[in-house]
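Notes for the structure review
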Amino acid sequence: MHKLIILFLALGFGASTAFGEVQTIETPRNIQIVVEMRQAAFQNRPGAQTTSQSTQTQFIVVMEGMEGKIFVGEKVPYVTYYQNYLRQEGYLTSSITFRDVGTSLIVRAKVVGGGQIEVTLTPEISYQTQDGFGSIAVQKMSTSVRVPEGQPLEIGGNISRSEFESNFYRGASGQALQIVLTPTIVG
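Residues numbered from 1 in each chain as written. Predicted model: local features only at pLDDT ≥ 70, side-chain atom pairs only at ≥ 80, totals over all residues. Heavy atoms only, no water.

**Examining the overall build of the chain**
- Within the chain, the secondary structure is distributed over two helices and eleven strands.
- Seen in sequence order, the chain has helices and strands lined up from the N terminus as β-β-β-β-β-α-β-β-β-β-β-α-β.
- Excluding contacts between residues fewer than 6 apart, the proportion of contacts in the chain whose partners are at least 24 apart in sequence is 57%.
- Summed over its atoms, the accessible surface of the chain is roughly 12,400 Å², and 52% of this surface lies on carbon and sulfur atoms. (Helix = DSSP H or I, 4+ residues; strand = E, 2+ residues; numbered from the N terminus. Contact = heavy atoms within 4.5 Å. Areas by Shrake-Rupley, 256 points an atom, 1.4 Å probe, with all protein chains shown as cover.)

Below, the structure written as structure tokens:
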């Protein structure tokens, strides 16, 4: 937090303020959090190797100590098999539930001194699966870290591989996700 120093030069500004007294008021700062989600797909086969990469960058500015959220996606109708069956048999009334599907980022940040910023970050990626039942898969993590201002820090990720190929060593294929955050004080 910034310290705002006020010097009272005359009486009458308040009962507790004497002539020439310095009063310190802390004001919150704004902190920009940049989050990169780097995805790579790989496939290794005898005699051939292919890779592809993509980077999605999101940023948000939050007031020190407050929470901010970004959501990029859509609301999709969500119904399970059992709900459909019970509705058809007359046990449930008709209703549709909508779920957020996409990328979400929740951030809270605080300057702790010494050029360090404490960041709590909760990224979530959700998507509809291809299982035929309308399932929604979710990848979510949450962490709190101290990071030097302006310095990137890899905070997590995952690697998924084809189970068949991994077990039989004919080659490997899969995807990797790397999450990197960079906090900066902007005012």
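**Remarks on the nonpolar core**
- One finds I33, V35, V107, A109, V119, L121 and L181 to be the most contacted residues of the largest nonpolar core, which totals 21 residues.
- Among the elements of the structure, β3 (30–45), β4 (48–63), β6 (97–113), β7 (116–128), β9 (143–148) and β11 (172–185) are those that each provide at least two residues to this core.
- Every residue in contact with A109, bar those within four places of it in the chain, is listed here: I31, I33, V62, M63, E64, G65, M66, I117, E118 and V119. (Core = buried A, V, L, I, M, F, W, Y, C linked by side-chain atoms within 4.5 Å. Buried < 20%, exposed > 50% of the residue type's maximum accessible area, 1.4 Å probe, protein only.)

**Some remarks on the environment of I70**
- Relative to the helices and strands, I70 is located in strand β5 (residues 67–78).
- Relative accessible area serves as the criterion here: at 17%, I70 is assigned to the buried category.
- In sequence terms I70 and I106 are 36 residues apart; their C-alpha atoms lie 6.6 Å from each other.
- Discounting residues that sit within four places of it in the chain, I70 has contacts with Q58, F59, I60, T103, S104 and L105.

**As for the layout of surface pockets**
- By volume, the largest pocket is sized at about 250 Å³.
- Elements supplying a minimum of two residues to the lining of the largest pocket: β3, β7, β10 (153–161) and β11. (1 Å grid on protein atoms, 1.4 Å probe; cavity = no way out; pocket = protein on both sides within 12 Å on 5 of 7 lines; lining within 4 Å. Points joined across faces, edges and corners; volume = space filled by probe spheres on them.)

**Overview of the pattern of salt bridges**
- As enumerated under the stated definition, the model contains five salt bridges in all.
- One salt bridge in this structure joins R146 and E118, with 3.5 Å as the shortest N-O distance. Taken as a pair, R146 in strand β9 and E118 in strand β7 lie far apart in primary sequence, 28 residues in all.
- By relative accessible area, R146 is classed as exposed at 53%.
- Here E118 falls in the partly exposed class, since its relative accessible area comes to 30%. (Salt bridge = Lys/Arg side-chain N within 4 Å of Asp/Glu carboxyl O.)

**A closer look at the confidence of the model for the chain**
- The predicted model of the chain has a mean per-residue pLDDT of 76, with 71% of residues at 70 or higher.
- Helix α2 (residues 163–168) is the least confidently modelled element of the chain, averaging 45 in pLDDT, while β9 averages 94, the highest of any element.
- Taken together, the stretch residues 7–13 has pLDDT below 50 and engages in 13 contacts with residues farther than four places along the chain or on a different chain.
- Overall, residues 162–170 carries pLDDT values under 50, and its contacts beyond four positions in sequence, including any with other chains, amount to ten contacts. (pLDDT = per-residue confidence, 0-100.)

**Some points on the side chain of T103**
- Within the secondary structure, T103 sits in strand β6.
- Leave out the neighbours within four places in its chain, and T103 touches M37, Q56, Q58, I70, F71, V72, E124 and I125.

**A word on a nonpolar patch on the surface**
- Where nonpolar side chains cluster on the molecular surface, the patch consists of F59, V61 and V186 and spans about 270 Å² of accessible area.
- Counting through the fold element by element, F59 comes out in strand β4. (Patch = residues over 30% accessible without salt bridge, like charges linked within 9 Å, V, L, I, M, F, W, Y side chains within 5 Å.)

**Things to note about the pairing of β4**
- For β3 and β4, the ladder comprises 16 bridges, and the chain directions are antiparallel. The residue of β4 that forms the bridge with I31 is V62.
- Between the antiparallel neighbours β3 and β4 lie two residues, among them G47 with a positive phi of about 85 degrees. (Pairing = 2+ DSSP bridges.)

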